[in-house]
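Spelled out, the chains give:
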Amino acid sequence: MEHQLLDEILPKYNVSAKYSIRIHAAPEKIYQVLDQGLPIGAITKLLMALRGIPRLFRASRSQDVSPESAFYRLKQLENREIVIGIIGQFWKPVARPIKINSLEEFLSFDRDGFCKAALNLRIVENGPGVCDVITETRVVSYGSAEAEFREYWRVIAPFSGLIRREILRKIKQRAERPISR
């Protein structure tokens, strides 16, 4: 099996989900799309809006980490792979992720009652101008979080899969778009 950065960052995990798509573009073009951030579409926007409804009813939002800034780019290998991560109590109505400031901070975190999640986007070249982009999400739960996260995952996994597949489709659309002059 080919080495991937995700194995360095989250080699042990409780839950994993993997999706892939074939893209007719060079690795450099695909990486350029990935480097601009995860492209999201209507399904993702809708599901994230629904997930954010409990935040509307919270009295104090001043210490909340915004969902956009909650993910931290942990590691990357140009034209091959990008890994992002998030830490939090994802099953709670208002999850309040913990801000990550470095790869070391993410790697050393292991607080009871919390989870760490890492997601990669890996480019695997299959021939001239043909690549597979594979995304894998891994989650490790610490202590009391394990049972709560497993219950949450049973409900959320299909929706998480919809988001991952939509992201891959958007990456494909952008990477296969002809270069305009």
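Residues numbered from 1 in each chain as written. Predicted model: local features only at pLDDT ≥ 70, side-chain atom pairs only at ≥ 80, totals over all residues. Heavy atoms only, no water.

Enquirer: Quick question: what am I supposed to make of the overall build of the chain here?
Expert: Along the backbone of the chain there are 6 helices and 5 strands. Of the regular secondary structure in the chain, the N- to C-terminal order runs α-β-α-α-α-β-β-α-β-β-α. Across the chain, every contact between residues at least 6 apart in sequence was considered, and the portion connecting residues at least 24 apart equals 75%. About 10,100 Å² of surface is accessible on the chain, with carbon and sulfur atoms providing 55% of the total. (Helix = DSSP H or I, 4+ residues; strand = E, 2+ residues; numbered from the N terminus. Contact = heavy atoms within 4.5 Å. Areas by Shrake-Rupley, 256 points an atom, 1.4 Å probe, with all protein chains shown as cover.)

Enquirer: Looking at this structure, I do not really get the packing of aromatic side chains. What am I missing?
Expert: Any pair of aromatic rings gets described here by the distance separating the centres and the angle formed by the planes. Applying the stated criterion across every chain, the model contains 4 aromatic pairs. Their ring planes at 80° and their centres at 5.8 Å tell us that F109 and F114 sit as a pair that is edge-to-face. Pair check on accessibility: F109 and F114 agree, each one buried. Aromatic side chains F149 and Y152 sit 5.8 Å apart centroid to centroid with 50° between the ring planes, which places their arrangement in the tilted category. With F149 and Y152 both in helix 6 (residues 145-176), this residue pair falls 3 residues apart, about one helical turn. Three or more aromatic residues link up through ring pairs in this structure, and these residues are F90, F149, Y152 and W153. It is R111 that lies over the ring of F114; its NZ or CZ is 4.9 Å from the centre. (Phe/Tyr/Trp six-rings, centres within 6.5 Å; stacked < 30°, edge-to-face > 60°. Buried < 20%, exposed > 50% of the residue type's maximum accessible area, 1.4 Å probe, protein only. Lys NZ or Arg CZ within 6 Å of the ring centre and 35° of its normal.)

Enquirer: Sorry, what's going on with the packing of helix 2 (residues 27-35) against helix 6 here?
Expert: The relative placement of two packed helices comes down to the angle between their axes together with the axis-to-axis distance. One can describe the packing of helix 2 onto helix 6 by two numbers: an axis separation of 9 Å at closest approach and a directional angle of 125°. In this view, helix 2 runs oblique relative to helix 6, as classed from their interaxial angle. Once helix 2 is placed against helix 6, the crossing between them reads as right-handed. Contacts between helix 2 and helix 6 involve K29, I30, V33 and L34 on the former and, on the latter, I171, R174 and A175. (Axes fitted to C-alpha atoms, helices over the stretch in contact; angles between N-to-C directions. Parallel < 35°, antiparallel > 145°, perpendicular 65-115°, else oblique. Left-handed = near helix turned anticlockwise from the far one by under 90°.)

Enquirer: Looking at this structure, I do not really get helix 2. What am I missing?
Expert: Since the α-helix packs 3.6 residues into each turn, any two residues three or four apart lie on the same face. Along helix 2, the residues classified as buried are P27, I30, Y31, V33 and L34. Viewed end-on, helix 2 has its buried residues packed into an arc of 155°, placing them on one side of the element. On the buried face of helix 2, the contacting elements are strand 1 (15-23), strand 2 (72-77), strand 3 (81-88), strand 4 (115-127), strand 5 (130-141) and helix 6. Downstream of helix 2 by a residue or two, G37 has a phi angle that is positive, lying close to 110°. (Arc of directions from axis to C-beta.)

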